[in-house]
Each structure stands twice: as C-alpha cells, then as structure tokens.
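A closer look at the structure
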Amino acid sequence: MADIAKLGDELLGLTILEAKELNDYLEERGIKAAAAVAVAGPAGGGDAAAAAEEKDEFDVILTDGGDKKINVIKVVREVVSGLGLKEAKDLVESAPKPIKEGVSKDEAEELKKKFEEAGAKVEIK
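Structure report, in brief. What you see is a predicted model; the values in this text were computed from it and never measured.

Topic: the overall build of the protein chain
- Along its length, the protein chain carries six helices and three strands.
- For the protein chain, the N- to C-terminal ordering of α and β elements is α-α-α-β-α-α-β-α-β.
- Looking at the protein chain as a whole, 26% of its 125 residues qualify as buried.
- For the protein chain, the share of sequence-separated contacts (at least 6 apart) that also reach a separation of at least 24 residues comes to 66%.

This is the structure we're talking about:
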C-alpha cells in the first residue's frame with residue numbers, strides 16, 4: 001500500500017505540463033487519453049482551478065432602488081460619471097442594472113456600502 005500512496009502523492013504533485021507529458025506517455029503505450037486525464041486531471045487542475053476561481057474583477061449590480069430613491073439617485077450620479085438626473089433616475093427605476101463592471105473587490109465593497117447606506121440593495125458578482 002505504501003507504493004500506491006507514494007504514486008498517488010506524486011501524481012497529485014504534477015504540474016500541468018508534467019500531466020500532459022504523462023498523458024502522451026500513456027497514449028504511446030495504448031492507454032486511452034480519457035483514462036490518463038482522469039488520473040492526471042486532479043493533479044494538474046487542483047491549484048490551477050483554485051487560481052482560476054479567484055476573481056479579481058467584480059460587477060456591482062443595483063438590485064433594488066429601495067424606498068429612498070432620491071438618495072440612491074444621488075449616489076448613482078456620484079459614482080457613474082456623465083449621467084444626468086434623468087439617466088440616473090431611469091437606471092435606479094429599471095433595477096436590476098449593473099452600476100460598475102470590472103472593478104476591484106475593494107472598490108466593489110466600497111460601492112456596495114455607499115448604496116446600502118442610501119437605502120438601495122446591491123449585489124456583487
């Protein structure tokens with residue numbers, strides 16, 4: 001059993017390039033790629049999948065303007081440059097609508113806090 005555990009640990013430690021080389025090696029010896037990927041998949045994908053899931057850009061979406069729409073409209077005009085009063089009012093009334101897209105996590109949290117203080121409901125995706 002110790003040899004299997006050692007082999008399993010080695011497979012889990014493979015980089016994506018090493019897993020690809022293992023796949024090629026096994027295919028040359030008649031083992032189908034699907035079986036090789038099933039063996040090497042978790043090894044190469046473990047760290048890469050975790051890194052891919054960690055987002056660095058977020059969208060701030062106004063889900064509900066709330067009861068104090070005037071305050072929310074003021075925050076929209078403050079946050080979104082170039083909007084007139086009518087455009088800001090239309091944006092608040094047509095919720096759910098994205099307010100800012102592709103912002104950092106800190107900026108998204110800050111915007112969410114501003115809108116919630118004004119009485120709106122905001123979602124970060």
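Let's talk about the packing of helix H4 (residues 69-79) against helix H5 (residues 85-93)
- With their axes 9 Å apart at the nearest point, H4 and H5 run at an angle of 115 degrees to one another. By crossing handedness, the relation of H4 to H5 is classed as right-handed. Contact residues: H4 offers Lys69, Val72, Ile73, Val76 and Arg77, while H5 offers Leu85, Ala88, Lys89, Leu91, Val92 and Glu93.
- Split by residue class, the contact of H4 with H5 holds seven nonpolar, no polar and four charged.

Quick word on the pairing of strand E1 (residues 58-64)
- Where E1 lies against strand E2 (residues 97-103), four bridges are found, and the strand directions are antiparallel. By the bridge assignment for E2, Val60 is matched with Lys100.
- Alignment of E1 against strand E3 (residues 121-124), held across four bridges, turns out to be antiparallel. Bridge pairing links Val60 to Ile124 in E3.

Examining the nonpolar core
- In this structure, Leu62, Val72, Val76, Val79, Ile99 and Phe115 are the most contacted members of the largest nonpolar core, which totals 20 residues.
- For this core, the leading source of residues is H4, giving five residues.

A closer look at the sheet that holds E2
- The antiparallel open sheet is built from three strands, whose spatial order is E2-E1-E3. Each having just a single partner strand, E2 and E3 make up the two edges of the open sheet. Shown here is a sheet whose adjacent strand axes are inclined to one another by a mean of 20 degrees, direction ignored.

Rules behind the numbers
Residues numbered from 1 in each chain as written. Predicted model: local features only at pLDDT ≥ 70, side-chain atom pairs only at ≥ 80, totals over all residues. Heavy atoms only, no water. Helix = DSSP H or I, 4+ residues; strand = E, 2+ residues; numbered from the N terminus. Buried < 20%, exposed > 50% of the residue type's maximum accessible area, 1.4 Å probe, protein only. Contact = heavy atoms within 4.5 Å. Axes fitted to C-alpha atoms, helices over the stretch in contact; angles between N-to-C directions. Left-handed = near helix turned anticlockwise from the far one by under 90°. Nonpolar A, V, L, I, M, F, W, Y, C, P; charged D, E, K, R; others polar. Pairing = 2+ DSSP bridges. Core = buried A, V, L, I, M, F, W, Y, C linked by side-chain atoms within 4.5 Å.

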